[in-house]
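# A closer look at the structure
What follows is each chain in one-letter form.
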Amino acid sequence: MPRAEKSYKLIPADIPPITRAGVYAEIVADFVASDLDTALVELPGRKANSLNVGLRKAVTASGAKVKVAMRGGQIYLQKT
């Protein structure tokens, strides 16, 4: 019995790189480029936990020598 034709195709392809840098990556890059050793980060509309996680991921992805610290519901960046 012949096989029925499928309605889809699987085409070999590489996944394109992400081209947009998120706000967290931009914050980390601006901090690294600044002359500040430590800074309080304010981002209206974002909860402290979300800001903390987003910045930590951005620091890891960038390889920057930056520490993210959360104290009293505030988020700080520190160059290491």
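Before going into details, it helps to say that this report is about the structure given with it.

The rules behind these values
Residues numbered from 1 in each chain as written. Predicted model: local features only at pLDDT ≥ 70, side-chain atom pairs only at ≥ 80, totals over all residues. Heavy atoms only, no water. Helix = DSSP H or I, 4+ residues; strand = E, 2+ residues; numbered from the N terminus. Buried < 20%, exposed > 50% of the residue type's maximum accessible area, 1.4 Å probe, protein only. Contact = heavy atoms within 4.5 Å. Areas by Shrake-Rupley, 256 points an atom, 1.4 Å probe, with all protein chains shown as cover. Phe/Tyr/Trp six-rings, centres within 6.5 Å; stacked < 30°, edge-to-face > 60°. Lys NZ or Arg CZ within 6 Å of the ring centre and 35° of its normal. Pairing = 2+ DSSP bridges. Expected span 1.5 Å × (residues − 1). Axes fitted to C-alpha atoms, helices over the stretch in contact; angles between N-to-C directions. Parallel < 35°, antiparallel > 145°, perpendicular 65-115°, else oblique. Left-handed = near helix turned anticlockwise from the far one by under 90°. Nonpolar A, V, L, I, M, F, W, Y, C, P; charged D, E, K, R; others polar.

### Some details on the overall build of the protein chain
Summing up its helical and strand segments, the protein chain has two helices and three strands in all. For the protein chain, the spread of C-alpha atoms along the principal axes amounts to about 70 × 25 × 20 Å. Taken across its 80 residues, the protein chain has 22% of its residues classed as buried. Long-range contacts, defined as pairs at least 24 residues apart, comprise 50% of the intrachain contacts of the protein chain with a sequence gap of at least 6. Total accessible area on the protein chain stands at roughly 6,800 Å², and carbon and sulfur atoms take up 55% of it.

### Some remarks on the packing of aromatic side chains
Here the structure, examined in full by the defined rule, presents zero aromatic pairs. Here the guanidinium or amino end of lysine 79 rests over the ring plane of phenylalanine 31, the centre of that ring lying 5.3 Å away.

### Quick word on the pairing of strand 2 (residues 66-71)
Pairing of strand 2 with strand 3 (residues 74-79) involves six bridges; the strand directions are antiparallel. Paired with valine 66 across the two strands is lysine 79, which belongs to strand 3. Count of turn residues in the strand 2/strand 3 antiparallel hairpin: two residues, of which glycine 72 carries a positive phi of about 60°.

### Observations regarding helix 2 (residues 48-62)
Given a rise of 1.5 Å per residue, 15 residues ought to cover 21 Å, and the 21 Å separating the end C-alpha atoms of helix 2 matches this to within 8%. By the burial criterion, the buried members of helix 2 are Leu51, Asn52, Gly54, Leu55, Ala58 and Val59. In this fold, the buried residues of helix 2 make contact with helix 1 (23-33), strand 1 (38-41), strand 2 and strand 3. Trailing helix 2 by a residue or two, glycine 63 shows a phi angle of about 75°, which is positive.

### Brief notes about the packing of helix 1 against helix 2
Where helix 1 meets helix 2, the closest approach of the two axes is 8 Å, and the angle between their N-to-C directions is 65°. Our classification of the angle between helix 1 and helix 2 gives roughly perpendicular. Taken as a pair, helix 1 and helix 2 cross one another with a handedness that is right-handed. Packed against helix 1, whose contacting residues are Tyr24, Ala25, Ile27 and Val28, the element helix 2 presents Ser50, Leu51, Gly54, Leu55, Ala58, Val59 and Ser62 at the interface. Split into classes, the residues belonging to the contact of helix 1 with helix 2 amount to eight nonpolar, three polar and no charged.

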